[in-house]
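# Architecture at a glance
The residues making up each chain are set out below.
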Protein chains: 6
Amino acid sequence: NAVSSQTVRTTNDQVTLIETNLDNQTGEGLGFAMQQLLAAGALDVFLTPIQMKKNRPAQKLSVLVTPSQVDAMAQKLFQLTTAKGLRYQTLNRKIMQRHFETIATAYGPLKIKIAQYGAVIKRTPEYDDCAQIASQRGLSLEAVYRTVQQAIQQHFEEEIK
Amino acid sequence: NAVSSQTVRTTNDQVTLIETNLDNQTGEGLGFAMQQLLAAGALDVFLTPIQMKKNRPAQKLSVLVTPSQVDAMAQKLFQLTTAKGLRYQTLNRKIMQRHFETIATAYGPLKIKIAQYGAVIKRTPEYDDCAQIASQRGLSLEAVYRTVQQAIQQHFEEEIK
Amino acid sequence: NAVSSQTVRTTNDQVTLIETNLDNQTGEGLGFAMQQLLAAGALDVFLTPIQMKKNRPAQKLSVLVTPSQVDAMAQKLFQLTTAKGLRYQTLNRKIMQRHFETIATAYGPLKIKIAQYGAVIKRTPEYDDCAQIASQRGLSLEAVYRTVQQAIQQHFEEEIK
Amino acid sequence: NAVSSQTVRTTNDQVTLIETNLDNQTGEGLGFAMQQLLAAGALDVFLTPIQMKKNRPAQKLSVLVTPSQVDAMAQKLFQLTTAKGLRYQTLNRKIMQRHFETIATAYGPLKIKIAQYGAVIKRTPEYDDCAQIASQRGLSLEAVYRTVQQAIQQHFEEEIK
Amino acid sequence: NAVSSQTVRTTNDQVTLIETNLDNQTGEGLGFAMQQLLAAGALDVFLTPIQMKKNRPAQKLSVLVTPSQVDAMAQKLFQLTTAKGLRYQTLNRKIMQRHFETIATAYGPLKIKIAQYGAVIKRTPEYDDCAQIASQRGLSLEAVYRTVQQAIQQHFEEEIK
Amino acid sequence: NAVSSQTVRTTNDQVTLIETNLDNQTGEGLGFAMQQLLAAGALDVFLTPIQMKKNRPAQKLSVLVTPSQVDAMAQKLFQLTTAKGLRYQTLNRKIMQRHFETIATAYGPLKIKIAQYGAVIKRTPEYDDCAQIASQRGLSLEAVYRTVQQAIQQHFEEEIK
Ligand code: NI
Ligand code: NI
Ligand code: NI
Ligand code: NI
Ligand code: NI
Ligand code: NI
Ligand code: NI
Ligand code: NI
Ligand code: NI
Ligand code: NI
Ligand code: NI
Ligand code: NI
């Protein structure tokens, strides 16, 4: 299952970014809306602190969606937030080609994401797996990542030889 | 004057976003520029804290204008700020259709903005009206909104019945 | 069960604020650490974006604890984060006196927090209750709060009469 | 009226910093509260964007007051914000000794603030004066400051000779 | 060498903005990546604090490049950061036309940047020159700018007469 | 040279935090001041984006110094910034006890910082060493850290056996 034996292509596609500035919704409401927008299928949701007129601190809500989701997500966004308007644009995207492999680690077999773009290869464990291990064993996320990273380097060094 | 008896259409239009990064203007100067850009007709102006090279904290100044305002507002922005360049793009926008109605509240008659997008309806008092009431009566803005919100719910519940 | 029939005292106590600047831990690691510190008994945990030397974006991690928790939480903080030092201080605190009452709402009986400091009274539903209702019924948090707020105003207006 | 003929002492005093984290008040409400707290006599008010639990963006509200104002400003803060608790501490302060002089400028006579701490002297025009001039003449704040700064350097160079 | 005797044209061109959200790279790593991206030829690089899902503080990395640099800089960005995807768009840009002149100042001859857009003219010294002077003489950057600004105003006033 | 054979004590000491809000200094000036304050002996310097009255974005400058440096650093801060006042306080500090060891790595011998607080041990390479290696070899900082981390784990595992 060596990486070199697989067809790896760089992916070019498009993503739509929906944004709106919110100065009339609370942090509680925005935290809730973020979770509901993700549950409704948004690719990603993030918040940027901004400063608006009349001395108002505010948040720019950014929602990344596939271009075909725009109408449905706009409806959702108007429902979950206090926004009365939103702006959107479709952006080009470059994504590292990715696949998964399972390797042996000190914590048992673990799924590893292998991402490639030209000569760049990144091999990383999944956050949710590592967070669960860290939580169960009372470790920091960093300690778990370090141990898994060592297993990754040993596994793939051997394969490449 | 029930909402249901009115033609409500979702508006799709365009808005131009002008942006520039400023690491050589003071906060005093930026606060002044924000007010002058709004006075010059910008639809909205907001600031985002960013971090630039050479350990410089900076602000990204964002100005939303109608596409036809770009040249005039660029001139204004170069005049009011220390920017030597700016970037801009025209974005799609979805806006909730809106109209105003006046209802009776504990503070006297008050103008209410009614915004609609598909099945989503939002009825909100105007900030400036409520801020004036709060200021005169020594109340928080939240206390005024709560009272007006109650009047809104009573008025429109009755209309819908 | 009127508020006026209860003894309400303003509380003055102390709280210890532990802080450290982190430029060598990822956002993933910080999000995980925040959750673990809360689970370990911190009163509150929050993050402030800061800018450090060598062009490094960083986060100031702030942990509010009772003064007697300092040693245990410092140990926990060193374990869960990449910090090699922390600073702390004990602050005075004023807290609104609070108690809970259950009232009838359109969503069934709901626990209401009543907070008082001198002449200021705040009556608010609990976030977790409202978030659960909003999530189950597909509403925004704001819509639920508005409905509950109306029930709050009716319940307590009647009591006061 | 040379600076050297005046008694200039570095001032050491104390200031109390009141802070609270707000994740349940809107930007509109916070902008209003900031203005009312300043109007109520706070020495200064500022907001810091922070990130709290449950994915909530929030603001830390900071109010600088004289130590004797703490009780009155705490009452005011509880009234104007959604805070149910606040923390405070008294800090040492060093302030540059300051006095004012009026000098001739291209815009007519203008009041100049002269601040001194040991060997450091700063001579600056007042923001409100310059903002008014800039606004009336359609200039940037920076353009006005540059012109006034030149008048300041000429006036005080001559005096020192 | 008066400005008025020179051909000054407003420049309209295009710039490509590459962006990615990073919640799994440390501040140390991001500060290093910023420097390397600038060294690799990016027009500008800046960071914006954002808040992502799962309580993660993060940074949006923004890289401004010429449209022809996109492929090379994407490769570089994937190599220097932990990003597994990036989005990009080409924006319109307006730049003030600029040229340099050397004038006499209290610190010796200094290169001045003269930028023009329509009726707006800005004459500013270069940061690196002034930072070097400030550093050598133990002055603040502001003190050096003030002195140079006075030389600028005298030089160009005389020329215009 | 095993860690267990060394006396490791948790250090408790004090540090003074000097802070001032700056809305009248540019990002250029603040980046320069940060570097000069570090050069003048400050333990650490960092900036926090804040929002002040009159729609002004600003920065809170924080300088950590030893308690005996306060007077000298206050003088320096007044000289390098536009501040006309500053506030300061002495905080308690807990620091992980630390010493250095040199180990063999794929990049040659490298100095490793070993920090300990109770049962918590952290072994990390120095940023400057790794940044230099990354820069020379065209690697990301993360790639260098991963390789050194592996050398750290092998070296100390062997010692502990
Ligand atoms: Ni394999
Ligand atoms: Ni594979
Ligand atoms: Ni009606
Ligand atoms: Ni209507
Ligand atoms: Ni009751
Ligand atoms: Ni009660
Ligand atoms: Ni005089
Ligand atoms: Ni004088
Ligand atoms: Ni000339
Ligand atoms: Ni010229
Ligand atoms: Ni050893
Ligand atoms: Ni040792």
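## With respect to the interface of chain D and chain C
On the chain C side, the residues contacting the 25 residues of chain D number 30 residues. Between chain D and chain C, roughly 2,300 Å² of surface is buried when both sides are summed, and carbon and sulfur atoms account for 55% of that area. In terms of surface lost to chain C, no three residues of chain D exceed D:Lys84, D:Arg87 and D:Tyr88, which account for 30% of the buried area on that side. Put simply, chain D and chain C have 2 salt bridges between them.

## Here we look at the packing of aromatic side chains
Two aromatic rings, taken as a pair, are described by how far apart their centres are and by the angle between their planes. One pass over the full model with this rule turns up 6 aromatic pairs over all chains. On the basis of an interplanar angle of 45° and a centroid distance of 4.5 Å, the ring pair of C:Phe78 and F:Tyr117 is categorised as tilted. Separated into two different chains, C:Phe78 in helix H2 (residues 70–80) and F:Tyr117 in strand E6 (residues 108–117) make up a pair that spans both. Accessibility classification places C:Phe78 together with F:Tyr117 in one group, the buried group. Between the NZ or CZ atom of C:Lys111 and the centre of the ring of C:Phe100, over which it lies, the distance is 5.0 Å. The aromatic ring of F:Phe156 is capped on one face by F:Arg123, whose charged end is 4.4 Å from the ring centroid.

## Things to note about the pattern of salt bridges
All names here are of chain A. A complete count under the given rule lists 36 salt bridges over all chains for this structure. With a shortest N-O distance of 2.9 Å, Arg-56 and Asp-23 are connected by a salt bridge. Within this pair, whereas Arg-56 is found in strand E3 (residues 56–65), its partner Asp-23 is found in the loop between strand E1 (11–22) and helix H1 (27–39), the two being separated by 33 residues in sequence. Residue classification places Asp-23 among the buried positions, given a relative accessible area of 9%.

## Some remarks on the relation of the copies chain D and chain C
One copy of the chain maps onto the second through a rotation about an axis and a displacement along it. Rotating chain D by 120° about the axis while translating it 0.0 Å along that axis superimposes it on chain C, leaving an RMSD of 0.0 Å. Those values place the two copies in the arrangement expected of a three-fold rotation axis. Comparing interface residues between copies, only 16% of those in chain D also lie at the interface in chain C; the contact surfaces differ.

## Section: empty space enclosed by the protein
Summary: where empty space remains is shown by rolling a probe the size of a single water molecule over the atoms. Counted by the stated rule, this structure contains 9 cavities of 30 Å³ or more. Roughly 200 Å³ of volume is contained in the largest cavity. Among the secondary structure elements, those contributing two or more residues to the lining of the largest cavity are E1 and strand E4 (85–95) of chain A, strand E1 (11–22) and strand E4 (85–95) of chain B together with strand E1 (11–22) and strand E4 (85–95) of chain E. Counted by class, the lining of the largest cavity contains 8 nonpolar, 3 polar and 9 charged residues.

## Considering the relation of the copies chain C and chain E
Once chain C is rotated about the relating axis by 180° and shifted along it by 0.0 Å, it coincides with chain E to within an RMSD of 0.0 Å. The two molecules are tied by a two-fold rotation axis, judged by turn and shift. If distances are taken from each C-alpha of chain C to the rotation axis, the shortest is found for C:Thr26, at 2.3 Å. In this assembly, 100% of the residues forming the interface of chain C have copies in chain E that are likewise at the interface, indicating an isologous arrangement.

## A look at the sheet that holds strand E7 (residues 120–125) of chain A
Taken in spatial order, the 3 strands of this open sheet run E5-E6-E7 (chain A), and their pairing is antiparallel. At either margin of the open sheet sits one strand with a lone partner, and together these are strand E5 (97–105) and E7 of chain A. Between one strand axis and the next, the sheet turns through 25° on average, direction left out of account. When strand E6 (residues 108–117) of chain A meets E7(A), the two strands line up antiparallel, connected through 6 bridges. Directly across from A:Lys113, in E7(A), lies its bridge partner A:Thr124. Packed onto the sheet, helix H2 (residues 70–80) of chain E meets E6 and E7 of chain A and runs at close to 35° relative to E7(A).

## Notes on the sheet that holds strand E7 (residues 120–125) of chain F
Residue and element names in this part refer to chain F. Across the sheet, which stays open at both edges, the 3 strands sit in the order E5-E6-E7 with antiparallel pairing between neighbours. With partners counted over all chains shown, the strands left at the sheet margins are strand E5 (97–105) and E7, one partner each. Each strand of the sheet is rotated relative to its neighbour by a mean of 25°, with strand direction disregarded.

## Digging into the interface of chain C and chain E
Across the contact, 17 residues belong to chain C and 17 residues belong to chain E. The three residues of chain C that bury the most area against chain E are C:Glu28, C:Asn55 and C:Pro57, which together make up 36% of that side's buried surface. Here chain C is connected to chain E by 0 salt bridges. Between chain C and chain E we count 4 residue pairs in polar contact (both at pLDDT 80 or more) in total. Of all the secondary structure elements, the ones that give two or more residues to the side of chain C that touches chain E are helix H1 (27–39), strand E2 (44–52) and strand E3 (56–65) of chain C. Considering every element that reaches the side of chain C that touches chain E, the biggest residue donor is H1(C), with 6 residues. In the side of chain C that touches chain E, the residues fall into 5 nonpolar, 8 polar and 4 charged.

## Observations concerning helix H3 (residues 127–137) of chain B
Residues and elements named next belong to chain B. For H3, the full list of buried residues reads Tyr-127, Cys-130, Ala-131, Ile-133 and Ala-134. An end-on view of H3 places all buried positions within 165° of arc, on one side of the element. Gly-138 lies just past H3 and shows a positive phi near 65°.

## Focus on the domain arrangement of chain A
Domain assignment breaks chain A into domain 1 (12–94) and domain 2 (96–160). Here the C-alpha centroids of domain 1 of chain A and domain 2 of chain A sit 31 Å apart.

## Section: the packing of H3(B) against helix H1 (residues 27–39) of chain D
Running from N to C, H3(B) and H1(D) point in directions that differ by 35°, and their axes come no closer than 12 Å. Considering the relative orientation of H3(B) and H1(D), their crossing is right-handed. Facing H3(B), whose interface residues are B:Tyr127, B:Ala131, B:Ala134 and B:Ser135, H1(D) presents D:Glu28, D:Phe32, D:Gln35 and D:Gln36. In terms of residue class, the contact of H3(B) with H1(D) is made up of 4 nonpolar, 3 polar and 1 charged.

Rules behind the numbers
Residues numbered from 1 in each chain as written. Chains lettered and ligands numbered in written order. Predicted model: local features only at pLDDT ≥ 70, side-chain atom pairs only at ≥ 80, totals over all residues. Heavy atoms only, no water. Contact = heavy atoms within 4.5 Å. Buried area = accessible area lost by both parts, 1.4 Å probe. Salt bridge = Lys/Arg side-chain N within 4 Å of Asp/Glu carboxyl O. Phe/Tyr/Trp six-rings, centres within 6.5 Å; stacked < 30°, edge-to-face > 60°. Helix = DSSP H or I, 4+ residues; strand = E, 2+ residues; numbered from the N terminus. Buried < 20%, exposed > 50% of the residue type's maximum accessible area, 1.4 Å probe, protein only. Lys NZ or Arg CZ within 6 Å of the ring centre and 35° of its normal. Least-squares fit on C-alpha atoms with pLDDT ≥ 70 in both. 1 Å grid on protein atoms, 1.4 Å probe; cavity = no way out; pocket = protein on both sides within 12 Å on 5 of 7 lines; lining within 4 Å. Points joined across faces, edges and corners; volume = space filled by probe spheres on them. Nonpolar A, V, L, I, M, F, W, Y, C, P; charged D, E, K, R; others polar. Pairing = 2+ DSSP bridges. Axes fitted to C-alpha atoms, helices over the stretch in contact; angles between N-to-C directions. Polar contact = N/O pair within 3.5 Å; in protein donor to acceptor, adjacent residues only side chain to side chain. Arc of directions from axis to C-beta. Domains from an automatic or database assignment. Left-handed = near helix turned anticlockwise from the far one by under 90°.

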